[in-house]
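Structural description and commentary
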Amino acid sequence: MMKSGMGFLPPMGWNSWNTFTWDINEDLVKNIADIIAEKGYKDVGYEYIVIDDCWSLRERDAHGCLVADPAKFPSGMKALADYIHSKGLKFGMYSCAGTHTCAGFPGSFEHEFSDAAQLAEWEVDYLKYDYCFKPRNMDGELLYRRMSLALKNCGRDILFSACNWGADGVHDWIRSSGAHMYRSTGDIQDNWGSIKNIAISQIEKSAYTGNYCHNDMDMLVVGMFGGSNNDFIGKIGGCTHTEYKTHFSLWCLMGSPLMIGCDLRKADEETEKILKNPRLIEINQDAEARGCYRVKPEPQWFQTNEVFILVKVLQNGELAVGFFNLSDDRREISLQFWDLGISYASGRKLSFYDCWEDKDFGTYQERLAVTVDAHDCLILRGKLV
Ligand code: GAL
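Quick notes on the rules
- Residues numbered from 1 in each chain as written.
- Predicted model: local features only at pLDDT ≥ 70, side-chain atom pairs only at ≥ 80, totals over all residues.
- Heavy atoms only, no water.
- Helix = DSSP H or I, 4+ residues; strand = E, 2+ residues; numbered from the N terminus.
- Expected span 1.5 Å × (residues − 1).
- Buried < 20%, exposed > 50% of the residue type's maximum accessible area, 1.4 Å probe, protein only.
- Disulfide = S-S within 2.5 Å.
- Phe/Tyr/Trp six-rings, centres within 6.5 Å; stacked < 30°, edge-to-face > 60°.
- Pairing = 2+ DSSP bridges.
- Axes fitted to C-alpha atoms, helices over the stretch in contact; angles between N-to-C directions.
- Contact = heavy atoms within 4.5 Å.
- Salt bridge = Lys/Arg side-chain N within 4 Å of Asp/Glu carboxyl O.

For helix H9 (residues 241-253), with 13 residues, the first-to-last C-alpha span of 18 Å sits near the 18 Å given by 1.5 Å per residue. With eleven of its 13 residues buried, H9 lies for the most part within the structure. Burial in H9 covers these residues: Glu 243, Tyr 244, Lys 245, Thr 246, His 247, Phe 248, Ser 249, Leu 250, Trp 251, Cys 252 and Leu 253. At the C-terminal side of H9, Gly 255 shows a positive phi close to 75°.

In C-alpha coordinates:
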(Lines give C-alpha, C1' and ligand atoms only; values in the text may rest on other atoms or scores of the structure.)
Protein backbone atom coordinates (compact mmCIF):
# COMPACT_ATOMS: atom_id res chain seq x y z
CA MET A 1 0.00 0.00 0.00
CA MET A 2 1.61 3.27 -1.05
CA LYS A 3 0.82 6.25 1.13
CA SER A 4 2.08 9.71 0.51
CA GLY A 5 1.17 12.50 2.91
CA MET A 6 -1.72 13.14 5.26
CA GLY A 7 -5.08 12.56 3.60
CA PHE A 8 -3.61 11.17 0.39
CA LEU A 9 -5.80 8.07 0.68
CA PRO A 10 -9.26 7.71 2.27
CA PRO A 11 -8.68 7.83 6.06
CA MET A 12 -9.50 4.70 8.07
CA GLY A 13 -10.35 4.45 11.75
CA TRP A 14 -13.09 4.35 14.36
CA ASN A 15 -15.51 7.06 15.50
CA SER A 16 -17.52 7.08 18.74
CA TRP A 17 -20.75 8.62 17.48
CA ASN A 18 -22.79 5.86 15.83
CA THR A 19 -22.92 3.60 18.86
CA PHE A 20 -22.11 5.73 21.89
CA THR A 21 -23.14 9.33 21.06
CA TRP A 22 -22.98 11.26 24.39
CA ASP A 23 -22.00 8.23 26.47
CA ILE A 24 -18.23 8.38 25.95
CA ASN A 25 -15.29 8.25 28.34
CA GLU A 26 -11.56 7.66 28.31
CA ASP A 27 -11.73 3.99 29.33
CA LEU A 28 -13.99 3.20 26.40
CA VAL A 29 -11.75 5.04 23.95
CA LYS A 30 -8.63 3.33 25.30
CA ASN A 31 -10.38 -0.03 25.09
CA ILE A 32 -11.22 0.56 21.45
CA ALA A 33 -7.64 1.67 20.73
CA ASP A 34 -6.39 -1.57 22.29
CA ILE A 35 -8.69 -3.62 20.07
CA ILE A 36 -7.71 -1.72 16.91
CA ALA A 37 -4.02 -2.15 17.73
CA GLU A 38 -4.13 -5.74 18.93
CA LYS A 39 -6.86 -7.48 16.96
CA GLY A 40 -5.55 -6.96 13.46
CA TYR A 41 -7.46 -3.78 12.54
CA LYS A 42 -4.34 -1.64 12.59
CA ASP A 43 -2.56 -4.19 10.41
CA VAL A 44 -5.10 -3.69 7.63
CA GLY A 45 -4.95 0.11 7.84
CA TYR A 46 -7.32 1.45 10.54
CA GLU A 47 -5.44 4.18 12.37
CA TYR A 48 -7.55 7.14 13.58
CA ILE A 49 -9.44 6.85 16.88
CA VAL A 50 -11.94 9.70 16.81
CA ILE A 51 -14.02 11.12 19.66
CA ASP A 52 -17.13 12.78 18.24
CA ASP A 53 -19.49 15.29 19.91
CA CYS A 54 -20.11 15.55 23.69
CA TRP A 55 -16.53 15.42 24.98
CA SER A 56 -16.32 18.94 26.44
CA LEU A 57 -17.93 20.97 29.19
CA ARG A 58 -20.90 23.17 28.25
CA GLU A 59 -18.82 26.35 28.66
CA ARG A 60 -15.34 27.47 27.70
CA ASP A 61 -12.99 28.43 30.55
CA ALA A 62 -12.07 31.98 31.59
CA HIS A 63 -9.38 32.10 28.87
CA GLY A 64 -11.81 31.06 26.17
CA CYS A 65 -10.42 27.52 25.93
CA LEU A 66 -12.42 24.35 25.40
CA VAL A 67 -12.37 22.10 28.47
CA ALA A 68 -12.57 18.32 28.34
CA ASP A 69 -15.35 17.06 30.63
CA PRO A 70 -13.44 15.81 33.71
CA ALA A 71 -16.15 13.28 34.52
CA LYS A 72 -15.68 11.61 31.11
CA PHE A 73 -11.98 12.28 30.54
CA PRO A 74 -10.41 12.67 34.01
CA SER A 75 -6.85 12.28 32.69
CA GLY A 76 -7.37 14.95 30.03
CA MET A 77 -6.96 14.89 26.28
CA LYS A 78 -3.16 15.05 26.15
CA ALA A 79 -2.93 11.87 28.24
CA LEU A 80 -5.45 10.16 25.98
CA ALA A 81 -3.50 11.27 22.91
CA ASP A 82 -0.33 9.84 24.48
CA TYR A 83 -2.07 6.52 25.11
CA ILE A 84 -3.38 6.29 21.56
CA HIS A 85 0.00 7.27 20.13
CA SER A 86 1.69 4.62 22.28
CA LYS A 87 -0.37 2.05 20.38
CA GLY A 88 0.95 3.38 17.08
CA LEU A 89 -2.43 4.98 16.30
CA LYS A 90 -3.66 8.53 15.72
CA PHE A 91 -6.08 10.61 17.75
CA GLY A 92 -9.09 12.48 16.38
CA MET A 93 -11.44 15.00 17.96
CA TYR A 94 -14.55 16.93 16.98
CA SER A 95 -15.72 20.52 16.83
CA CYS A 96 -18.14 22.61 14.83
CA ALA A 97 -18.05 25.57 12.43
CA GLY A 98 -20.99 27.14 14.29
CA THR A 99 -21.28 28.64 17.75
CA HIS A 100 -22.35 25.26 19.18
CA THR A 101 -21.98 21.63 18.27
CA CYS A 102 -25.09 19.72 17.27
CA ALA A 103 -25.45 18.48 20.85
CA GLY A 104 -25.14 22.02 22.20
CA PHE A 105 -21.52 22.11 23.38
CA PRO A 106 -19.30 25.07 22.45
CA GLY A 107 -18.38 25.27 18.75
CA SER A 108 -15.32 26.90 17.20
CA PHE A 109 -16.98 29.87 15.46
CA GLU A 110 -14.69 32.89 16.00
CA HIS A 111 -12.30 30.63 17.97
CA GLU A 112 -10.81 28.84 14.97
CA PHE A 113 -7.16 29.73 15.38
CA SER A 114 -7.03 29.35 19.18
CA ASP A 115 -8.92 26.03 19.06
CA ALA A 116 -6.54 24.73 16.40
CA ALA A 117 -3.62 25.71 18.66
CA GLN A 118 -5.29 23.92 21.56
CA LEU A 119 -5.73 20.75 19.49
CA ALA A 120 -2.07 20.90 18.49
CA GLU A 121 -1.10 21.24 22.16
CA TRP A 122 -3.09 18.09 22.98
CA GLU A 123 -1.35 16.39 20.03
CA VAL A 124 -4.51 15.70 18.13
CA ASP A 125 -4.10 14.31 14.58
CA TYR A 126 -7.58 14.69 13.08
CA LEU A 127 -10.47 17.12 13.41
CA LYS A 128 -14.05 16.39 12.39
CA TYR A 129 -15.77 19.74 11.86
CA ASP A 130 -19.56 19.90 11.93
CA TYR A 131 -22.10 22.47 10.67
CA CYS A 132 -24.70 23.06 13.40
CA PHE A 133 -25.52 26.50 14.80
CA LYS A 134 -23.79 28.30 11.96
CA PRO A 135 -24.89 31.93 12.31
CA ARG A 136 -27.46 32.65 9.61
CA ASN A 137 -25.98 34.34 6.54
CA MET A 138 -22.45 33.34 7.48
CA ASP A 139 -20.89 31.68 4.48
CA GLY A 140 -20.09 28.01 5.19
CA GLU A 141 -17.38 27.84 2.58
CA LEU A 142 -15.56 30.67 4.32
CA LEU A 143 -15.80 28.93 7.69
CA TYR A 144 -14.27 25.73 6.33
CA ARG A 145 -11.51 27.78 4.70
CA ARG A 146 -10.86 29.43 8.03
CA MET A 147 -10.49 26.26 10.03
CA SER A 148 -8.49 24.63 7.28
CA LEU A 149 -6.02 27.49 7.34
CA ALA A 150 -5.92 27.48 11.14
CA LEU A 151 -5.08 23.77 11.14
CA LYS A 152 -2.48 24.05 8.43
CA ASN A 153 -0.76 26.73 10.51
CA CYS A 154 -1.05 25.24 14.00
CA GLY A 155 2.35 23.58 13.95
CA ARG A 156 1.05 20.02 13.74
CA ASP A 157 -0.30 17.78 10.99
CA ILE A 158 -4.03 17.63 11.69
CA LEU A 159 -6.23 15.95 9.10
CA PHE A 160 -9.31 18.06 8.38
CA SER A 161 -12.59 16.15 8.13
CA ALA A 162 -15.36 18.53 7.06
CA CYS A 163 -18.93 17.56 7.92
CA ASN A 164 -21.61 19.79 6.39
CA TRP A 165 -23.88 16.91 5.28
CA GLY A 166 -23.56 17.70 1.56
CA ALA A 167 -25.14 21.14 2.01
CA ASP A 168 -24.43 24.24 -0.12
CA GLY A 169 -22.97 22.29 -3.05
CA VAL A 170 -20.00 21.35 -0.87
CA HIS A 171 -18.43 19.08 -3.52
CA ASP A 172 -17.82 22.15 -5.70
CA TRP A 173 -15.71 24.09 -3.21
CA ILE A 174 -14.46 21.82 -0.45
CA ARG A 175 -11.28 20.61 -2.17
CA SER A 176 -10.07 24.15 -2.68
CA SER A 177 -10.76 24.99 0.99
CA GLY A 178 -8.04 22.56 2.03
CA ALA A 179 -10.13 19.83 3.71
CA HIS A 180 -9.05 16.20 3.35
CA MET A 181 -12.51 14.65 3.37
CA TYR A 182 -16.06 15.94 3.35
CA ARG A 183 -19.35 14.47 4.49
CA SER A 184 -21.64 14.42 1.52
CA THR A 185 -24.93 13.29 3.07
CA GLY A 186 -27.07 13.52 6.18
CA ASP A 187 -26.45 11.10 9.03
CA ILE A 188 -26.41 7.41 8.29
CA GLN A 189 -28.80 5.15 10.17
CA ASP A 190 -28.30 1.52 11.02
CA ASN A 191 -30.78 0.22 8.46
CA TRP A 192 -30.73 -0.96 4.85
CA GLY A 193 -32.79 1.94 3.44
CA SER A 194 -30.30 4.47 4.76
CA ILE A 195 -27.28 2.65 3.31
CA LYS A 196 -29.01 2.31 -0.05
CA ASN A 197 -30.08 5.96 -0.22
CA ILE A 198 -26.63 7.26 0.66
CA ALA A 199 -24.92 5.07 -1.92
CA ILE A 200 -27.34 5.90 -4.74
CA SER A 201 -27.19 9.62 -3.92
CA GLN A 202 -23.41 9.70 -4.36
CA ILE A 203 -22.87 7.67 -7.53
CA GLU A 204 -23.12 10.74 -9.73
CA LYS A 205 -20.70 12.63 -7.46
CA SER A 206 -17.93 10.14 -8.16
CA ALA A 207 -15.87 12.60 -10.15
CA TYR A 208 -15.42 14.78 -7.06
CA THR A 209 -13.57 12.29 -4.88
CA GLY A 210 -9.83 11.76 -5.11
CA ASN A 211 -6.44 12.04 -3.43
CA TYR A 212 -6.33 14.53 -0.56
CA CYS A 213 -10.10 15.24 -0.56
CA HIS A 214 -12.36 12.21 -0.22
CA ASN A 215 -16.13 11.96 -0.37
CA ASP A 216 -17.10 10.81 3.13
CA MET A 217 -20.36 8.84 2.92
CA ASP A 218 -20.46 8.74 6.75
CA MET A 219 -19.26 6.29 9.34
CA LEU A 220 -19.84 2.59 8.78
CA VAL A 221 -22.77 0.91 10.53
CA VAL A 222 -21.26 -2.55 9.89
CA GLY A 223 -21.67 -4.73 12.98
CA MET A 224 -24.03 -2.43 14.89
CA PHE A 225 -27.09 -4.70 14.73
CA GLY A 226 -29.25 -1.95 16.17
CA GLY A 227 -26.80 -1.31 19.01
CA SER A 228 -26.85 2.50 19.06
CA ASN A 229 -27.88 4.40 22.18
CA ASN A 230 -29.30 7.06 19.85
CA ASP A 231 -32.84 6.55 18.56
CA PHE A 232 -32.17 8.36 15.31
CA ILE A 233 -29.16 6.28 14.27
CA GLY A 234 -30.63 3.05 15.56
CA LYS A 235 -34.06 3.60 13.99
CA ILE A 236 -35.51 0.45 12.40
CA GLY A 237 -32.30 -0.87 13.80
CA GLY A 238 -29.89 -3.24 12.29
CA CYS A 239 -29.04 -5.03 9.08
CA THR A 240 -28.14 -8.57 8.09
CA HIS A 241 -24.56 -9.66 7.57
CA THR A 242 -25.20 -9.64 3.81
CA GLU A 243 -26.39 -6.03 3.97
CA TYR A 244 -23.36 -4.98 6.02
CA LYS A 245 -21.11 -6.72 3.49
CA THR A 246 -22.78 -4.80 0.63
CA HIS A 247 -22.52 -1.54 2.62
CA PHE A 248 -18.79 -2.10 3.17
CA SER A 249 -18.30 -2.99 -0.51
CA LEU A 250 -20.05 0.19 -1.67
CA TRP A 251 -17.98 2.39 0.63
CA CYS A 252 -14.77 0.63 -0.54
CA LEU A 253 -15.46 0.96 -4.25
CA MET A 254 -16.80 4.49 -3.96
CA GLY A 255 -13.62 5.62 -2.17
CA SER A 256 -15.25 6.71 1.07
CA PRO A 257 -13.16 6.99 4.23
CA LEU A 258 -13.69 3.85 6.32
CA MET A 259 -14.56 4.90 9.85
CA ILE A 260 -15.90 2.01 11.92
CA GLY A 261 -18.93 2.95 14.01
CA CYS A 262 -19.80 -0.22 15.91
CA ASP A 263 -18.83 -1.35 19.39
CA LEU A 264 -15.71 -3.31 18.50
CA ARG A 265 -15.70 -4.97 21.93
CA LYS A 266 -18.76 -6.89 20.80
CA ALA A 267 -17.93 -7.48 17.12
CA ASP A 268 -18.82 -11.02 16.01
CA GLU A 269 -16.64 -13.09 13.72
CA GLU A 270 -18.56 -12.18 10.56
CA THR A 271 -18.30 -8.45 11.38
CA GLU A 272 -14.55 -8.77 11.83
CA LYS A 273 -14.28 -10.58 8.52
CA ILE A 274 -16.16 -7.80 6.74
CA LEU A 275 -14.23 -4.93 8.33
CA LYS A 276 -10.85 -6.57 7.81
CA ASN A 277 -11.27 -7.92 4.28
CA PRO A 278 -7.84 -7.02 2.86
CA ARG A 279 -8.92 -7.31 -0.78
CA LEU A 280 -11.76 -4.81 -0.34
CA ILE A 281 -9.53 -2.47 1.66
CA GLU A 282 -6.89 -2.64 -1.06
CA ILE A 283 -9.46 -1.42 -3.57
CA ASN A 284 -10.46 1.43 -1.25
CA GLN A 285 -6.84 2.35 -0.60
CA ASP A 286 -5.67 2.20 -4.21
CA ALA A 287 -2.97 4.85 -4.66
CA GLU A 288 -4.77 6.74 -7.42
CA ALA A 289 -8.02 7.04 -5.38
CA ARG A 290 -10.17 7.33 -8.50
CA GLY A 291 -13.89 7.62 -8.19
CA CYS A 292 -15.76 4.75 -9.80
CA TYR A 293 -18.08 4.83 -12.79
CA ARG A 294 -21.45 3.17 -13.03
CA VAL A 295 -22.44 0.75 -15.75
CA LYS A 296 -26.16 0.25 -16.09
CA PRO A 297 -26.82 -3.38 -16.87
CA GLU A 298 -28.39 -4.51 -20.13
CA PRO A 299 -31.07 -5.01 -21.25
CA GLN A 300 -32.34 -1.46 -20.96
CA TRP A 301 -35.93 -2.35 -20.07
CA PHE A 302 -34.79 -4.17 -17.01
CA GLN A 303 -33.04 -1.29 -15.33
CA THR A 304 -33.87 0.06 -11.96
CA ASN A 305 -31.49 2.45 -10.27
CA GLU A 306 -31.06 -0.18 -7.58
CA VAL A 307 -29.21 -2.66 -9.78
CA PHE A 308 -25.87 -1.56 -11.20
CA ILE A 309 -22.21 -2.26 -11.69
CA LEU A 310 -19.55 0.02 -10.25
CA VAL A 311 -16.09 0.00 -11.78
CA LYS A 312 -12.99 1.49 -10.22
CA VAL A 313 -9.86 1.81 -12.32
CA LEU A 314 -6.84 0.80 -10.26
CA GLN A 315 -3.30 2.08 -10.45
CA ASN A 316 -1.87 -1.13 -11.92
CA GLY A 317 -4.38 -1.30 -14.77
CA GLU A 318 -6.69 -3.78 -13.06
CA LEU A 319 -10.37 -3.06 -12.55
CA ALA A 320 -12.42 -3.45 -9.39
CA VAL A 321 -15.86 -4.49 -10.60
CA GLY A 322 -18.80 -4.55 -8.19
CA PHE A 323 -22.13 -6.09 -9.18
CA PHE A 324 -24.65 -4.55 -6.81
CA ASN A 325 -28.22 -5.67 -6.33
CA LEU A 326 -29.81 -3.21 -3.91
CA SER A 327 -33.31 -4.29 -5.00
CA ASP A 328 -35.55 -6.67 -3.10
CA ASP A 329 -35.48 -9.43 -5.75
CA ARG A 330 -32.81 -11.77 -6.98
CA ARG A 331 -31.41 -10.44 -10.29
CA GLU A 332 -29.22 -11.42 -13.16
CA ILE A 333 -26.74 -8.64 -13.89
CA SER A 334 -24.86 -8.70 -17.15
CA LEU A 335 -21.73 -6.79 -17.99
CA GLN A 336 -20.64 -6.23 -21.58
CA PHE A 337 -16.91 -5.66 -21.69
CA TRP A 338 -17.28 -2.90 -24.28
CA ASP A 339 -18.66 -0.85 -21.39
CA LEU A 340 -15.22 -1.16 -19.77
CA GLY A 341 -13.31 -0.07 -22.84
CA ILE A 342 -12.43 -3.60 -23.96
CA SER A 343 -13.30 -4.22 -27.58
CA TYR A 344 -13.87 -7.73 -28.87
CA ALA A 345 -11.37 -6.97 -31.64
CA SER A 346 -8.61 -6.45 -29.07
CA GLY A 347 -8.78 -10.15 -28.24
CA ARG A 348 -8.34 -9.26 -24.56
CA LYS A 349 -10.06 -11.17 -21.80
CA LEU A 350 -10.62 -10.50 -18.15
CA SER A 351 -9.34 -12.87 -15.53
CA PHE A 352 -11.35 -12.32 -12.34
CA TYR A 353 -10.68 -12.84 -8.64
CA ASP A 354 -13.59 -12.97 -6.17
CA CYS A 355 -12.74 -10.56 -3.36
CA TRP A 356 -15.25 -11.95 -0.83
CA GLU A 357 -14.82 -15.65 -1.54
CA ASP A 358 -11.05 -15.20 -1.87
CA LYS A 359 -10.72 -17.38 -4.93
CA ASP A 360 -10.37 -17.29 -8.70
CA PHE A 361 -13.55 -16.54 -10.58
CA GLY A 362 -12.40 -17.59 -14.06
CA THR A 363 -11.52 -15.85 -17.30
CA TYR A 364 -14.15 -14.33 -19.59
CA GLN A 365 -14.27 -12.69 -22.98
CA GLU A 366 -16.82 -10.15 -24.20
CA ARG A 367 -19.29 -10.50 -21.32
CA LEU A 368 -20.05 -11.82 -17.89
CA ALA A 369 -23.55 -12.38 -16.51
CA VAL A 370 -23.98 -13.20 -12.83
CA THR A 371 -26.93 -13.75 -10.54
CA VAL A 372 -26.94 -11.72 -7.35
CA ASP A 373 -29.32 -12.16 -4.42
CA ALA A 374 -31.38 -9.27 -3.06
CA HIS A 375 -29.27 -6.74 -1.09
CA ASP A 376 -26.14 -8.67 -1.99
CA CYS A 377 -23.14 -7.97 -4.20
CA LEU A 378 -20.29 -9.66 -6.00
CA ILE A 379 -16.94 -7.89 -5.96
CA LEU A 380 -14.41 -8.98 -8.54
CA ARG A 381 -10.95 -7.79 -9.33
CA GLY A 382 -10.32 -8.07 -13.06
CA LYS A 383 -6.98 -8.35 -14.81
CA LEU A 384 -6.65 -7.97 -18.58
CA VAL A 385 -5.07 -11.02 -20.14
C1 GAL B 1 -24.06 15.52 13.15
C2 GAL B 1 -23.03 14.73 12.36
C3 GAL B 1 -22.85 13.40 13.05
C4 GAL B 1 -22.38 13.62 14.48
C5 GAL B 1 -23.37 14.54 15.20
C6 GAL B 1 -22.86 14.93 16.58
O7 GAL B 1 -24.23 16.76 12.56
O8 GAL B 1 -23.47 14.57 11.04
O9 GAL B 1 -21.93 12.60 12.33
O10 GAL B 1 -21.10 14.19 14.46
O11 GAL B 1 -23.61 15.71 14.47
O12 GAL B 1 -23.77 15.77 17.24
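Moving on, there is more to tell.
As a further point, take the state of the cysteines. Scanning the model with the defined rule gives one disulfide in all. Each sulfur in the disulfide pair Cys 102 and Cys 132 lies 2.1 Å from the other. Its S-S torsion of approximately 95° makes the covalent link between Cys 102 and Cys 132 right-handed. Pair noted here: Cys 102 is in the loop between strand S3 (90-96) and helix H4 (112-121) and Cys 132 is in the loop between strand S4 (126-130) and helix H5 (140-152), with a separation of 30 residues, a long-range link. Its sulfur unpaired, Cys 96 is 5.3 Å from the next cysteine sulfur, which belongs to Cys 102.

Counting across every chain of the model gives 17 aromatic pairs. Here Phe 352 and Tyr 364 contribute two aromatic rings whose centre-to-centre distance is 6.1 Å and whose plane-to-plane angle is 50°, an arrangement assigned as tilted. Residue Phe 352 is found in strand S13 (residues 350-354), and its partner Tyr 364 is found in strand S14 (residues 359-364); the two are separated by twelve residues along the sequence. Within the aromatic cluster, the residues linked to one another by ring pairs are Tyr 129, Tyr 131, Tyr 144, Phe 160, Trp 165 and Trp 173.

A word on the sheet that holds strand S2 (residues 48-50). In space, the eight strands of this open sheet follow the order S7-S6-S5-S4-S3-S2-S1-S8, with parallel pairing throughout. Strands at the two margins of the open sheet, each flanked by one partner only, are strand S7 (214-216) and strand S8 (258-260). Mean inter-strand twist for the sheet, computed between neighbouring axes without regard to direction, equals 25°. Where S3 meets S4, five bridges bridge the pair, whose relative direction is parallel. Within S4, the residue paired with Met 93 across the bridge is Leu 127. Packed onto the sheet, helix H3 (residues 77-86) meets S2 and S3 and runs at close to 140° relative to S3.

On the basis of which strands lie adjacent, the open sheet formed by six strands has the order S9-S10-S11-S16-S13-S14 and antiparallel pairing. Pairing within the sheet leaves two strands with one partner each, and these edge strands are strand S9 (293-295) and S14. For this sheet, the mean angle separating the axes of adjacent strands, direction not counted, is 30°. The sheet strands contacting H9 are strand S10 (307-313), strand S11 (319-325) and strand S16 (377-384), and the helix crosses S11 at an angle near 140°.

Once that is clear, we can look at the pattern of salt bridges. Where charged atoms of side chains with opposite charge meet at close range, the side chains can pair. In this structure the tally under the stated criterion is 25 salt bridges. Residue Asp 82 pairs with Lys 78 through a salt bridge whose shortest N-O separation is 2.8 Å. Here Lys 78 and Asp 82 lie together in helix H3, a separation of four residues that amounts to about one turn. A relative accessible area of 31% means that Lys 78 is categorised as partly exposed. One continuous salt-bridge network, built from bridges that share partners, spans Asp 34, Glu 38 and Lys 87.

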